Amino acid sequence: MANIEDMSPKQISGYKVLISSLNGRTVDITPLVVETSIFESIYSINLHGQLVIADNSALFSDLPIVGQEKINIQFIKNDIDVDLNFIVSGVEDLASYNDSIGAYVITFTSESKLVNAVSEFSKSFSGLGIDIIEQIYNDNFGKNSLDVKVKGGNSMNVVMPFSKPFAAINMIQRKSYDVHKSPLFIFNTVFGDAPELTSLYTMQSQETIHKISNRINVNTEADGQSSRDMLQHRGEAYHIEIPSAYNVFDQISSGTFASSIDTVDISTKSITRDSYNYLDHDVIDGIDYMHSNFKINDRSLTKYTSANVSTNYINTKLFGSLNDTDNYATATVDSKLNRIDTVELSMHMDSVPVVRAGTIIDVDFTRFTPMLSDKDNPKDEITSGRYLVSSLRHHIKLGEYTMALNLVRNNIGVV
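Residues numbered from 1 in each chain as written. Predicted model: local features only at pLDDT ≥ 70, side-chain atom pairs only at ≥ 80, totals over all residues. Heavy atoms only, no water.

Engineer: Outline the nonpolar core, supporting the account with residue identities and numerical values.
Structural biologist: Among the nonpolar cores identified, the biggest contains 46 residues, and I29, L51, M347 and L405 are the most heavily contacted of them. Discounting residues that sit within four places of it in the chain, L405 has contacts with L345, S346, M347, M349, V355, I361, V389, S391 and L392. Formed by 21 residues, the second largest nonpolar core is a distinct cluster that contains F121, F141, M156 and I186. (Core = buried A, V, L, I, M, F, W, Y, C linked by side-chain atoms within 4.5 Å. Buried < 20%, exposed > 50% of the residue type's maximum accessible area, 1.4 Å probe, protein only. Contact = heavy atoms within 4.5 Å.)

This is the structure in C-alpha cells:
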C-alpha cells in the first residue's frame, strides 16, 4: 500500500495528541483537536504553541484542565518520528457555543521553562562568554543538553546574584559574540536533536538546504487533469509576501552604518571615544543594499558617526574583559542585528523537515508581470536569493501539516 505522504505532500501519519493530569490520567484528545500550532524562532530558547479544542466530552471540567497538565504530541513525517513533550501554560478564549459543545485554546511551552521558574542561583563566572552560557545551561537543564556550534570571541568576569537561568543566559548572550564578532542565538527546533547555541555568521554561512518558489499552476495535461502532477510541486510555497523591507530611516538613526562608542573604564576613570562605520569594521554578506551614492547633504552615511552614541562600561581591575578590549565589537554586533531583517519575507508552504529555524533556503520571487507560458521565468533578481529562516510555525489541521515561515536577510540580489 502506498504511503499517504506519497499521495499528498501535506499529509502526516501517526498524529496523536495526549494530555496527562496530575492524578495519573492520560487522555488521547486527538479527535478534539481542531488545529495544532508549534512555534520555533532563533530569538526564543523554548518551543511553544497552542491547541484549538472543540470539546463535547467535558474534558475541560472532568480531567480537569487547570494549567498543571502535560502535553505529548506525536507524528511521523518523511519517516522521521516526532515525539514532543510540553507543559500547559494556560487556557484562553473559553466559550460555549451551545448546550453541549465548548471551544478553547490550550497554550503550552517547553518543560525547561518550568524548571527555570523554580530555579535561582548566585555564582561568579570567568572565561569565554559562550563557555559561561554552556555551563549555566548544563548546570540547570542537564549536562551536554546544549549543542554549541561556535567558538567564543570574547571573555569576561561576571557575578550572577540570585538569577534565573534563562535571565542569566540572556544577559551573557547580549554581551557575547563569536570569533567573527557576530551575535549569538540560542533556540530549539521541532526536528532538532537539542537546543543549539550558534551565531548569525554560522547560520548565514550554511549551505542552502531547500529551494522554493511561488507555485504557478500551468496545466500541461492533454486531458486537463493537472492534479496528476501534484507531487512534482512537493515542498513548494502556496503564498509568498514581503511584509516589510528596507527600513533605512530606523537603521540610520540607530547607528547601523556609523556611530560613536564611548568606552568608560571605571577603574581608571578614563573615557575614550571611537568612531565606527560598518564598511571599515564589518564584512558585508552578499550585495550591500545601501548604495554608495546614497548620501545626506552630500556626505556618505558612514561619516555620520553622531547618529548614535553608545557607552561601553568596563572595569579592567574587576569585572572587565579578560582579553584586550575591542571597542568596535559591540557596535559591530549591534549593526549586524539591526541589518538582519533588511528584507523580511513571509511564506506558507508544504511541510519539509529539513526546513527549520536557523537554516538557509533559496527563494525565487517573481516580478510583477504576466506569465504567458510555462517557459517564462519572470524572476525578481533583487528579491530572490538566500534567506535565513528566523521563525517557523508548524501547523496541523484536519490531518494536513504545513509551515508558515518568516525569512530575513541583510542584503539584496543581483543589481
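Engineer: Give me the packing of aromatic side chains: which residues, what numbers.
Structural biologist: Inspection of every chain in the model, using the stated rule, returns eleven aromatic pairs. On the numbers, 6.2 Å between centres and 85° between planes, the contact of F121 with F125 is edge-to-face. For the pair shown, F121 and F125 are each scored as buried. Between Y137 and F141 the ring centres are 4.9 Å apart and the planes differ by 50°, which places this aromatic pair in the tilted class. Pair noted here: Y137 and F141 are both in helix α4 (residues 129-141), with a separation of four residues, about one helical turn. In this structure Y137 comes out as buried when scored by relative accessible area, which is 4%. Grouping aromatic residues by their ring pairs yields a cluster made of F75, F191 and Y401. The aromatic ring of Y304 is capped on one face by R299, whose charged end is 4.5 Å from the ring centroid. (Phe/Tyr/Trp six-rings, centres within 6.5 Å; stacked < 30°, edge-to-face > 60°. Helix = DSSP H or I, 4+ residues; strand = E, 2+ residues; numbered from the N terminus. Lys NZ or Arg CZ within 6 Å of the ring centre and 35° of its normal.)

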